[in-house]
Amino acid sequence: MKTKKIPMRKCIGCGEMFDKRTLVRVVKSPDGTVSLDLTGKKSGRGAYVCKNSDCLSMARKKKAFERAFSMPIDDDVYNNLKEEMKNA
């Protein structure tokens with residue numbers, strides 16, 4: 001009997017590995033907009049973060065999204081991500 005492999009991803013805030021389904025995907029779409037991807041199916045470059053605002057704050061402080069997406073990210077984007085995460 002073969003067990004199904006669980007996809008693991010690293011949170012860019014705390015740096016720990018988790019099951020992909022427990023994390024939130026943040027995606028940079030081909031047109032350059034950054035948004036939350038709650039379905040995990042949006043096209044574009046993705047980075048994963050835990051579902052708490054502490055990890056989002058750590059990722060912001062470490063400039064982890066800037067490195068992952070190779071672009072500067074405005075404060076407005078971080079504020080929108082925080083709001084979307086609260087509402088989700």
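Definitions and cut-offs
- Residues numbered from 1 in each chain as written.
- Predicted model: local features only at pLDDT ≥ 70, side-chain atom pairs only at ≥ 80, totals over all residues.
- Heavy atoms only, no water.
- Helix = DSSP H or I, 4+ residues; strand = E, 2+ residues; numbered from the N terminus.
- Buried < 20%, exposed > 50% of the residue type's maximum accessible area, 1.4 Å probe, protein only.
- Core = buried A, V, L, I, M, F, W, Y, C linked by side-chain atoms within 4.5 Å.
- Contact = heavy atoms within 4.5 Å.
- Phe/Tyr/Trp six-rings, centres within 6.5 Å; stacked < 30°, edge-to-face > 60°.
- Axes fitted to C-alpha atoms, helices over the stretch in contact; angles between N-to-C directions.
- Parallel < 35°, antiparallel > 145°, perpendicular 65-115°, else oblique.
- Left-handed = near helix turned anticlockwise from the far one by under 90°.

(A) Geometry of unusual backbone geometry. In this structure, Lys63 is a non-glycine residue whose phi angle is positive, near 55°. Examined against the element boundaries, Lys63 turns out to sit in the loop between helix H1 (53-61) and helix H2 (64-69). The backbone of Ser70 sits at a positive phi, close to 55°, despite the residue not being glycine. Tracing the backbone shows Ser70 in the loop between H2 and helix H3 (75-87). When its relative accessible area of 66% is taken as the criterion, Ser70 is described as exposed.

(B) Local environment of the nonpolar core. If you look at the biggest cluster of nonpolar residues, it comprises 22 residues, and the most contacted ones within it are Val26, Val49, Phe65, Phe69 and Ile73. Secondary-structure elements contributing two or more residues to this core are strand E3 (24-28), strand E4 (34-37), strand E5 (45-49), H1, H2 and H3. Contacts of Ile73, omitting those with residues within four sequence positions, involve Val34, Phe65, Glu66 and Tyr78.

(C) How the structure looks around the packing of aromatic side chains. Counted by the stated rule, this structure contains two aromatic pairs. Between Phe65 and Tyr78 the ring centres are 6.0 Å apart and the planes differ by 55°, which places this aromatic pair in the tilted class. With Phe65 in helix H2 and Tyr78 in helix H3, this pair connects stretches of sequence that are 13 residues apart. Classification of Phe65 as buried rests on a relative accessible area of 1%.

(D) Quick peek at the packing of H1 against H3. Two elements in contact, H1 and H3, have axes separated by 11 Å at closest approach and are oriented at 165°. The pairing of H1 with H3 is recorded here as roughly antiparallel in orientation. You can see that H1 and H3 cross each other, and the crossing is right-handed. Across from Ser53, Leu56, Ser57, Ala59 and Arg60 in H1, the residues of H3 making contact are Asp75, Tyr78, Asn79, Leu81, Lys82 and Met85.

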